[in-house]
Amino acid sequence: MGITRILTFTLACVASLSVVKALPHEPELGSARVVFQTSYGDIEFGFYPTVAPITVDHIFKLVRLGGYNTNHFFRVDKGFVAQVADVPNGRSAPMNEEQRKIAYKTVLGEFSDVKHVRGILSMGRHDDPNSGGSSFSMLLGDAPHLDGKYAVFGKVTKGDETLRKLEEVPTRREGIFVMPTERITILSTYYYDTEMESCEEERSVLERRLQASFLEVERQRMKCFP
């Protein structure tokens, strides 16, 4: 896909391993799309599987299991980030065993040269670079101070109008966090594949053309061979 991938292993803290990838330009999105249906509207996003394959696999697995259903945005800092809570603590519904197994996992820090600009998805973590779990941010503005320090794994593809609505909700400050005064719930989630959708559309067009051709052949047959 024209993307140079350089894997550099560095020691962080006490022999804590993380991955750094250098990318010369914006990476290509994979075909999977996820939609978060929130109390303020829908937000659709895609993944960068060539940038952060481990992170993408982990988050997408949680989505497929319904892990983000009934979760919420615990942080909304206008012009900075809208952050989704971690699944174990953010859901209002209890988790099943399969969801719990994945939700408590942490992933390797996959840091890259992809810039933190509006719409980017970036993993949350603690001081340990490999402590990312299920909380992530949707960037509401450019944040160059996060570049190379937090794992970028995708971007918002539709729903910027919903993000702008989130930026207007009343907030309060708690320490370093700017938090909404009311719960912004992720009511439900679903996912689809753009390549499959494209094939379905092409198949539908082909079927219509074949039907039209059949009708034309039949019309000519009735005209010439009554």
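Residues numbered from 1 in each chain as written. Predicted model: local features only at pLDDT ≥ 70, side-chain atom pairs only at ≥ 80, totals over all residues. Heavy atoms only, no water.

The chain is annotated in an unreviewed UniProt entry as Peptidyl-prolyl cis-trans isomerase from Eruca vesicaria subsp. sativa. Looking at the Sequence similarities (unreviewed entry) heading of the UniProt record, one finds this comment for the chain: "Belongs to the cyclophilin-type PPIase family." What UniProt states about the chain under its Function (unreviewed entry) heading is, verbatim, "PPIases accelerate the folding of proteins. It catalyzes the cis-trans isomerization of proline imidic peptide bonds in oligopeptides." (UniProt positions renumbered as here; feature names shortened; annotations may be inferred.)

Q: Honestly, helix α4 (residues 160-167) in this entry has me stumped. Any pointers?
A: Within an α-helix, residues lying three or four positions from one another point in the same direction, as the helix has 3.6 residues per turn. All of the buried residues in α4 are Thr162, Leu163, Leu166 and Glu167. Summarising the axial view, the buried residues of α4 lie within an arc of 150°, below the 170-degree limit, and thus occupy one face. (Buried < 20%, exposed > 50% of the residue type's maximum accessible area, 1.4 Å probe, protein only. Helix = DSSP H or I, 4+ residues; strand = E, 2+ residues; numbered from the N terminus. Arc of directions from axis to C-beta.)

Q: Quick question: what am I supposed to make of the pattern of salt bridges here?
A: For side chains of opposite charge, pairing can occur when their charged atoms come near one another. Tallied over the entire structure, the rule returns nine salt bridges. Where Arg100 meets Glu97, a salt bridge forms, and the shortest distance between an N and an O atom there is 3.1 Å. Taken together, the positions of Arg100 and Glu97, both in helix α3 (residues 97-103) and three residues apart, correspond to about one turn of that helix. Residue class for Glu97 comes out exposed when judged on its relative accessible area of 58%. Linking Arg164 and Asp160 is a salt bridge whose minimum nitrogen-to-oxygen distance equals 2.9 Å. Here Arg164 pairs with Asp160, and both are found in helix α4, just four residues apart, close to one helical turn. (Salt bridge = Lys/Arg side-chain N within 4 Å of Asp/Glu carboxyl O.)

Q: What is the right way to read the environment of Ala93 from this model?
A: On the secondary structure map, Ala93 appears in the loop between α2 (87-90) and α3. Judged by its relative accessible area of 27%, Ala93 is partly exposed. Spatially, the C-alpha atom of Ala93 lies 6.2 Å from that of Thr70, the residues being 23 residues apart in sequence.

Q: Help me understand the side chain of Thr189 in this model?
A: Examined against the element boundaries, Thr189 turns out to sit in strand β13 (residues 184-193). The residues contacting Thr189, other than those within four sequence positions of it, are Val35, Phe36, Val63, Tyr68 and Asn69. (Contact = heavy atoms within 4.5 Å.)

Q: Sorry, what's going on with helix α1 (residues 53-64) here?
A: Taking 1.5 Å of rise per residue, 12 residues should cover 16 Å, and α1 covers 16 Å from first to last C-alpha, within 8% of that figure. Taken as a whole, α1 has its buried residues at Thr55, Val56, His58, Ile59, Phe60, Leu62 and Val63. A positive phi of about 80° marks Gly66, the residue just after α1. (Expected span 1.5 Å × (residues − 1).)

Q: Explanation requested: the sheet that holds β13 in the structure shown.
A: In a beta sheet, neighbouring strands are held together by backbone hydrogen bonds and run either parallel or antiparallel to one another. One closed barrel holds the eight strands; their spatial order is β3-β4-β10-β8-β9-β6-β5-β13, and the pairing between them is antiparallel. When the angles between neighbouring strand axes are averaged without regard to direction, this sheet yields 35°. For strand β6 (residues 81-84) and strand β9 (residues 136-139), the ladder comprises four bridges, and the chain directions are antiparallel. Residue pairing across strands places Val81 opposite Leu139, the latter belonging to β9. Packing of α1 onto the sheet brings it into contact with β3 (32-38), β4 (41-47), β8 (120-123), β9, β10 (152-158) and β13, and relative to β13 it is tilted by some 110°. In the packing of α4 onto the sheet, the strands contacted are β3, β4, β5 (72-77), β6, β9, β10 and β13, and the crossing angle to β4 comes to about 120°. (Pairing = 2+ DSSP bridges. Axes fitted to C-alpha atoms, helices over the stretch in contact; angles between N-to-C directions.)

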